[in-house]
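# Close look at the chain arrangement
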Amino acid sequence: MSGSLRPLGRRGRRGVLKAVGGKDQQDGTSKGQVIDDSEDEKPSSPKERSKRRVSVEYEQAASETVAKRPKWQPKNWAQHLENIRQMRSRRDAPVDQMGAEKCYDQNAAPEVMRYQILLSLMLSSQTKDQVTSAAMCRLRQHGLTVSRILETDDGTLGKLIYPVGFWKNKVKYIKQTTEILQEKYGGDIPDNVTDLVKLPGVGPKMAHLVMDIAWNNVSGIGVDTHVHRISNRLKWVRKETKTPEETRVAMEDWMPRELWSEINWLLVGFGQQVCLPVSPRCSECLNKDICPGAKKKKPR
């Protein structure tokens, strides 16, 4: 037997052929080789040999069955999505004109653009896009850079961002976050979700949107109140979820990753125009006949 193919020990031997995925330090085999150990320690009788082979075949078949088992997916989800795309084709919702992707200075230095994207998302929490956009416009006129915000006193900053939701807390979060960015990241923002969510006032939804918009890296689905509400109405979650973060985890479990980036802007705009929080316009929705949460008129 050659130096690259030699008998294996007893431990871990389960079948007739054993594939090697990488180089083994003990026997020197290289990636892609297949080791035939059928002649090593043959069973003492045909009966034992038969039992061993049957066991392996059964285990392999079971493994293949598990691998082929399809993931759970919501009923009609692909048609839901296509209909929402059609309803959003005009891109005329507030988020399309005043969302985070429209609030930063596209002529600024890359690190400044990323900082402005982060701040626009921090301001957008519990705030309408129109209010966020106006606050961002005032901040940019004031000077929206790390150094400029650090020079700005809390009172002035509060006047600039008012009346965004929870503006007093956001003044504190913006100043604390900006100080961290200056000290730890040289004025730039973190390039990963783990560090982003450590910043004061930054949650998972913001972090995933920052990664997508600022870093062009899709790390997860950005789930806000609109996405959370609509996903539950469409039954895009296996069981009802209580928080946006629960919704994100549930959706990422089944939704193809290549769709993650568009889901936020699609559903946010859809939620602003059709699938409203109160009195949704089900009669205008293309999904009215296949939406589990549609409010259908009762027959007289």
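These figures come from a predicted structure and were not determined experimentally.

## Focus: the overall build of the chain
In terms of helices and strands, the chain carries 13 helices and two strands. Scored against the burial criterion, the 300 residues of the chain give a buried share of 41%.

## A look at the confidence of the model for the chain
Of the residues in the chain, 75% have a pLDDT of 70 or more, and the chain-wide mean is 84. Confidence drops under pLDDT 50 across residues 1-43; counting only partners more than four residues distant or on other chains, this segment forms 59 contacts. Scored below 50 in pLDDT, residues 53-59 makes four contacts in the model with residues more than four places away or belonging to other chains.

## Notes on the pattern of salt bridges
Counted by the stated rule, this structure contains ten salt bridges. Note that Glu151 and Arg148 form a salt bridge whose closest N and O atoms lie 3.8 Å from each other. Placement of both Glu151 and Arg148 in helix H6 (residues 146-151) is noted, with a separation of three residues, approximately one turn of the helix. The class of Glu151 is exposed, set by a relative accessible area of 60%. A relative accessible area of 31% places Arg148 in the partly exposed class. Among the salt bridges present, the one from Arg248 reaches Glu252, with a minimum N-O distance of 3.0 Å. Within this pair, Arg248 and its partner Glu252 are both found in helix H12 (residues 244-252), separated by four residues, close to a single helical turn. Here Arg248 and Glu252 have matching classes, each one buried.

## A closer look at the nonpolar core
Grouped together as the largest cluster of nonpolar side chains are 36 residues, with contacts concentrated most on Leu118, Leu123 and Leu139. Counting only elements with at least two residues in this core, the list comes to helix H4 (110-124), helix H5 (129-142), H6, helix H7 (154-161), helix H8 (167-185) and helix H10 (204-215). Broken down by element, this core gets its largest block of residues, nine residues, from H4. When near neighbours in sequence (up to four residues on either side) are disregarded, Leu123 contacts Thr132, Ala135, Met136, Leu139, Ile161, Val164, Lys170 and Ile174.

## Observations regarding the side chain of Asp96
Residue position: Asp96 is located in helix H3 (residues 94-98). In terms of polar contacts, Asp96 uses its side chain to reach the side chain of Arg88, at 2.7 Å. The contacts of Asp96, once residues within four sequence positions are left out, are Arg88, Arg91, Lys102 and Trp265.

## A closer look at the packing of helix H11 (residues 225-233) against H12
Here H11 crosses H12 at 55°, and the two axes come no closer than 9 Å. The orientation of H11 with respect to H12, classified from their angle, is oblique. Note that H11 runs across H12; the crossing there is left-handed. Facing Val227, His228, Ser231 and Asn232 of H11, the residues of H12 in contact are Pro244, Thr247 and Met251. Across the contact of H11 with H12, the residue classes tally to three nonpolar, four polar and no charged.

## Describing unusual backbone geometry
Residue Pro163 is bonded to the preceding Tyr162 through a cis peptide linkage, with omega at 10°. Mapped onto the fold, Pro163 is located in the loop between H7 and H8. Positive phi, close to 50°, is recorded for Arg91, a residue that is not glycine. Arg91 sits in the partly exposed class, given a relative accessible area of 48%. With phi around 55°, Ser279 is a residue other than glycine that occupies positive phi space. Topologically, Ser279 is positioned in the segment after helix H13 (260-273). Of the residues examined, Ser279 reaches a relative accessible area of 53% and is grouped as exposed.

## Points about the packing of aromatic side chains
For the coordinates displayed, the defined rule picks out four aromatic pairs. Arranged with centres 5.0 Å apart and planes meeting at 65°, the rings of Trp77 and Trp254 form a pair that is edge-to-face. Here Trp77, found in helix H2 (residues 77-87), pairs with Trp254, found in the loop between H12 and H13; they are 177 residues apart in sequence, far enough to count as distant. Look at Trp77 and you get buried, because its relative accessible area is 14%. An aromatic cluster is present here, built from Trp72, Trp77, Trp236 and Trp254 joined pairwise through their rings.

Reading the values: the criteria
In this numbering scheme, every chain counts its residues from 1 along its sequence in written order. In keeping with the model being predicted, local features are shown solely for residues with a pLDDT of at least 70 and side-chain atom pairs are shown and tallied solely at 80 or more, while totals for entire chains, interfaces and linings include all residues. Computation of side-chain values covers all heavy atoms of the structure but excludes hydrogens and water. Secondary structure elements are taken from DSSP: a helix is a run of H or I of four residues or more, a strand is a run of E of two residues or more, and numbering for both begins at the N terminus. Residue burial is assigned from relative accessible area. The probe radius is 1.4 Å, only protein chains are included, and a residue is buried under 20% of its type maximum, exposed over 50%, and partly exposed in between. Per-residue confidence from the prediction method is given by pLDDT, with values spanning 0 to 100. Here, two residues are considered to be in contact whenever any of their heavy atoms come within 4.5 Å of each other. A pair is scored as a salt bridge if a Lys or Arg side-chain nitrogen falls within 4 Å of a carboxyl oxygen belonging to Asp or Glu. Residues enter a nonpolar core if they are buried and are Ala, Val, Leu, Ile, Met, Phe, Trp, Tyr or Cys, with the set joined through side-chain atoms within 4.5 Å. Here a polar contact means two N or O atoms within 3.5 Å. Within protein one must be a hydrogen donor candidate and the other an acceptor candidate, and residues neighboring in sequence count only if both atoms are side-chain atoms. Every axis corresponds to a line fitted to the C-alpha atoms, with the helix fit spanning only the stretch in contact, and the corresponding angles, defined between N-to-C directions, vary from 0 to 180 degrees. Angular relationships are summarised with four words: roughly parallel below 35 degrees, roughly antiparallel beyond 145, roughly perpendicular across 65 to 115, and oblique for the angles in between. The sense of a crossing depends on the near helix, which, turned anticlockwise from the far helix by less than a right angle, makes the crossing left-handed and, turned clockwise, makes it right-handed. In this count, Pro and Cys sit with the nonpolar residues alongside Ala, Val, Leu, Ile, Met, Phe, Trp and Tyr, while Asp, Glu, Lys and Arg are called charged and the others, Gly among them, polar. Classification of ring pairs rests on two measures: the distance between centres of Phe, Tyr or Trp rings, Trp counted by its six-membered ring, which must be within 6.5 Å, and the angle between planes, read as stacked under 30 degrees, edge-to-face over 60 and tilted in between.

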